[in-house]
Amino acid sequence: KLVQLDYSQAELRVLGVLSMDDFLIQSYVEDKDLHANVAQKIFGPNFTKEQRTQCKTINFGIAYGRGAGAIAEAFHMSRNDAQAIINDWFRAMPKVEAYIKRQRKAARDGERQQTMFGRVRHYTLNDENGFHVENEYINTPIQSMASDLTLNSIIEIHEWLLSKGYYNKQNPAESTARIIITVHDSIVLEVKDDDELVREVAQ
């Protein structure tokens, strides 16, 4: 059987760490539905399903540098309405806005970029690619850190499989359980078709 494990909103959690935004962190500490939490903050307690979807799109889009134009196009609204929602979003999470502004300035100033795990990325900034590089400067630490957390999880899971004797180093195809692939923040394992074993490995 295939067992697939993936992080819940890994990049937004990393954004919380990097920005130290109180609202974002508290949403996760209290195990709340972040998208609903943001919708309530922006639209009030009677928010609609569509408004939650808008907030979900913005929650993920902000980290990728999506602006009012992209939001307006996604939800068939005016650019002004889209910008108003983004402004409300930033009012709810001011430290995220400060983080994004810091990253944009660092990109323009040509500062060296290094992630919390020590990975360094270099950019060539010119008149034509400035906005794109700024977005990369915002997103790279987020995606890179989420990726490294997933890689660390792969190592720990593999070591656990070895310690339990589930992974056969001499003949991996004969393993009771083994990691076969990773996709972004998702880890896929192949596990012997035994319900108790599948539950144990998943847990």
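Reference entry: report on the structure contained in this document.

The rules behind the values
Residues numbered from 1 in each chain as written. Predicted model: local features only at pLDDT ≥ 70, side-chain atom pairs only at ≥ 80, totals over all residues. Heavy atoms only, no water. Helix = DSSP H or I, 4+ residues; strand = E, 2+ residues; numbered from the N terminus. Buried < 20%, exposed > 50% of the residue type's maximum accessible area, 1.4 Å probe, protein only. Contact = heavy atoms within 4.5 Å. Areas by Shrake-Rupley, 256 points an atom, 1.4 Å probe, with all protein chains shown as cover. Pairing = 2+ DSSP bridges. Phe/Tyr/Trp six-rings, centres within 6.5 Å; stacked < 30°, edge-to-face > 60°.

**Let's talk about the overall build of the protein**
- If you tally the helices and strands in the protein, you get nine helices and five strands.
- If you list the helices and strands of the protein from N to C, you get β-α-α-α-α-α-α-α-β-β-α-β-β-α.
- Each principal axis of the C-alpha distribution contributes one length, and for the protein these read about 60 × 45 × 30 Å.
- The 203 residues of the protein split such that 41% are buried.
- Sequence-distant contacts, at least 24 apart, represent 57% of the contacts inside the protein between residues at least 6 apart.
- If you sum the accessible surface of the protein, you get close to 12100 Å²; carbon and sulfur atoms cover 48% of it.

**What to know about the pairing of strand β5 (residues 186-191)**
- Of all six residues making up β5, five are buried, and the element is well covered by its neighbours.
- Two strands pair when backbone bridges link them, and strand β1 (residues 2-6) and β5 are joined in this way by five bridges, in the antiparallel orientation. The partner of Asp6 across the bridge, within β5, is Ser186.
- In terms of strand pairing, strand β4 (residues 177-183) meets β5 through six bridges, oriented antiparallel. Paired with Ala177 across the two strands is Val191, which belongs to β5.

**Overview of the packing of aromatic side chains**
- Per the stated rule, a full pass over the model turns up three aromatic pairs.
- Between the aromatic rings of Trp160 and Tyr166, the centroid separation amounts to 5.8 Å while the plane-to-plane angle is 70°, which identifies the pairing as edge-to-face.

**A word on the side chain of Thr150**
- Following the sequence through the fold, Thr150 ends up in helix α8 (residues 130-164).
- Exposure remark for Thr150: the relative accessible area of 2% places this residue in the buried category.

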